[in-house]
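Coordinate inspection notes
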Amino acid sequence: MGCFWGAESLYGATKGIMRTTVGYAGGSKEGPTYRNLGDHTEVLEIDFDPEVISFQDLLKLFWNNHEYGLTTPIKRQYMSLILYHDEEQKKIAEQSKQDEQKKRAPEIVTTEIRPKTNFYPAEDYHQKYRLQGHRDLCDTLNFNSKLLQTSYVGTKLNGYLSGVGGLEQFKTEVETMGLTPTQKEYCTYYVEKNEGQGLYC
C-alpha cells in the first residue's frame, strides 16, 4: 500500500484489529533491513478478530487506501502486494482483485497476490511510528521494543492518535485499553485534534 506507517495507522484504528506489526516480506533475502531490503516489500502483518471484521473487509480497506502504486508500477519496496495465509484467503484475494480491476478499467491494477512464506519485523523505530511521536505517553505506557510490535493498546493508539477512526469511535473502544485517567485525557485531546488528517508520509 506504499509506506507501511500509514497502513499501520489505518488498520490499527479499525474495529476488530487486535495487533499490527510492520515489516518486510515477499522476497528471498534473509534478514532484510530498511537499508538493505533486497527484493522484499514493506508490508503490514495483521491479527484480527473474524467475528468483528472479515478478510473481505480488510481487503476493502486495502483497495481504497493506497498511498501510491495500485495502478502504477513502482519499485518493489512500496509495491501493491497481498500475502495470503491459506487457500481460502487466496481465493478471496484473487476475486477481490478481479472486482477492483473491473471498477478501475481501463487502468491496470498492478497488485501481486502471493503466499506468505516469510515475514521479518521492521526495526523498532518503524513500529507504531505515529504513536512513538508521543514519547511521554509511550514512557507512561512502559512500551519497549517487544510491546511496540505486540501490544493491543499500542496498535489502537497508533491509529487513533494519527487521526484515523475519529473521536466518537475512539470513545467506544477506549475502555478496552486500560488507560489511566491522565492517559485517557491526553489521548482524547489528540484524537480530536488530529481527526481526519492525512495518513501517509
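Going by the structure above, here's the rest.
Residues numbered from 1 in each chain as written. Predicted model: local features only at pLDDT ≥ 70, side-chain atom pairs only at ≥ 80, totals over all residues. Heavy atoms only, no water.

**Some remarks on the pattern of salt bridges**
Under the counting rule described, the total for this entry stands at eleven salt bridges. Taking the shortest distance from any N to any O, the salt bridge between Glu112 and Arg114 comes out at 2.9 Å. The network of salt bridges with common partners includes Arg76, Glu112 and Arg114. (Salt bridge = Lys/Arg side-chain N within 4 Å of Asp/Glu carboxyl O.)

**Quick look at the packing of aromatic side chains**
Each aromatic ring pair is specified by the distance between its two centres and by the angle formed by the two planes. Inspection of every chain in the model, using the stated rule, returns seven aromatic pairs. Their ring planes at 35 degrees and their centres at 6.0 Å tell us that Phe4 and Tyr24 sit as a pair that is tilted. Highlighted residues: Phe4 in helix H1 (residues 4-12) and Tyr24 in strand S1 (residues 17-25), separated in sequence by 20 residues. Of the two residues examined, Phe4 and Tyr24, each falls in the buried class. Note on Tyr189 and Tyr190: the rings are 4.9 Å apart at their centroids and 90 degrees apart in plane angle, and the pair reads as edge-to-face. Of the residues examined, Tyr189 reaches a relative accessible area of 47% and is grouped as partly exposed. For Tyr190, a relative accessible area of 22% corresponds to the partly exposed category. Counting every residue linked through ring pairs, the aromatic cluster contains Tyr186, Tyr189 and Tyr190. (Phe/Tyr/Trp six-rings, centres within 6.5 Å; stacked < 30°, edge-to-face > 60°. Helix = DSSP H or I, 4+ residues; strand = E, 2+ residues; numbered from the N terminus. Buried < 20%, exposed > 50% of the residue type's maximum accessible area, 1.4 Å probe, protein only.)

**Looking at the nonpolar core**
Core analysis: the biggest nonpolar cluster contains 45 residues, and Tyr11, Leu157, Phe170 and Leu179 have the highest contact counts within it. For this core, the elements supplying multiple residues, two or more each, are H1, S1, helix H2 (55-64), helix H3 (87-104), helix H5 (135-140), helix H7 (152-160), helix H8 (167-173) and helix H9 (181-194). The greatest single-element share of this core, amounting to six residues, is contributed by H2. Built from parts of two domains, this core gets at least three residues from each of domain 1 (4-121) and domain 2 (124-194). When sequence neighbours within four positions are dropped, the list of residues in contact with Leu157 reads Leu131, Leu137, Leu141, Phe170, Met177, Leu179 and Cys187. In this structure, Ala25, Val43, Met79 and Leu83 belong to the second largest nonpolar core, which totals six residues. (Core = buried A, V, L, I, M, F, W, Y, C linked by side-chain atoms within 4.5 Å. Domains from an automatic or database assignment. Contact = heavy atoms within 4.5 Å.)

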